[in-house]
Amino acid sequence: VKFLGRVDDLNLFFRKSHVCVVPSLLDAGPATVAESLSCGTPVICSDGCGSSTLVRGQFGKVFKSGSEEELSKALHELSNNYENYNFRMQDFETMSSRIDESKFHTAASAYILENAKK
């Protein structure tokens, strides 16, 4: 892993990348997932990532949040079968228009409320 700092041309950055990895424990986005997919770059993200609803089939892999083993399996799967994760930006645009992210927001709210009681 190498910290790159500010990226001036995000579109070019994602297009030159092989994969975007987002191992969030719990978040309501992030936009990084949609930005990567919009550039035709597959994503590996955790199920704690609100945007994981966008990552299906040829768009990448979703793994269990907090599981190093599942993250490792997802990385190996994508690396060994990279040709299966090839898509056009138009494929993503078509699919993303049919996604209902309200399930994540409901689950996130329940999680936050439950942990606030502790």
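Scroll up to find the structure this text is about.
This write-up is about the structure you can find in this document. Predicted model only: the values in this text are computed from it and were never measured.

A few words on the overall build of the protein. Within the protein, the regular secondary structure consists of 5 helices and 3 strands. The N-to-C order of helical and strand elements in the protein reads α-β-α-β-β-α-α-α. Taken across its 118 residues, the protein has 30% of its residues classed as buried. Considering only contacts in the protein between residues 6 or more positions apart, those separated by 24 or more positions represent 47%.

Within the element layout of this structure, cysteine 49 appears in the loop between β2 (43-46) and β3 (60-63). Through-space distance from the C-alpha of cysteine 49 to that of proline 30 is 7.1 Å; in sequence the pair is 19 residues apart.

By the secondary structure assignment, serine 67 is in the loop between β3 and α3 (68-80). On the accessibility criterion, serine 67 (18% relative accessible area) is buried.

This part covers the pattern of salt bridges. Tallying each qualifying case throughout the model produces 2 salt bridges. In this structure, the salt-bridge partner of lysine 73 is glutamate 69, at a minimum N-O distance of 3.5 Å. With lysine 73 and glutamate 69 both in helix α3 and 4 residues apart, this pair spans about one turn of that helix. Summarising the burial analysis for this pair, lysine 73 and glutamate 69 share the class exposed.

What follows concerns a nonpolar patch on the surface. A contiguous nonpolar patch, built from Leu4, Leu10 and Phe13 and spanning about 240 Å² of accessible area, is present on the exposed surface. Relative to the helices and strands, leucine 10 is located in helix α1 (residues 10-16).

Reading the values: rules and limits
- Residues numbered from 1 in each chain as written.
- Predicted model: local features only at pLDDT ≥ 70, side-chain atom pairs only at ≥ 80, totals over all residues.
- Heavy atoms only, no water.
- Helix = DSSP H or I, 4+ residues; strand = E, 2+ residues; numbered from the N terminus.
- Buried < 20%, exposed > 50% of the residue type's maximum accessible area, 1.4 Å probe, protein only.
- Contact = heavy atoms within 4.5 Å.
- Salt bridge = Lys/Arg side-chain N within 4 Å of Asp/Glu carboxyl O.
- Patch = residues over 30% accessible without salt bridge, like charges linked within 9 Å, V, L, I, M, F, W, Y side chains within 5 Å.
- Areas by Shrake-Rupley, 256 points an atom, 1.4 Å probe, with all protein chains shown as cover.

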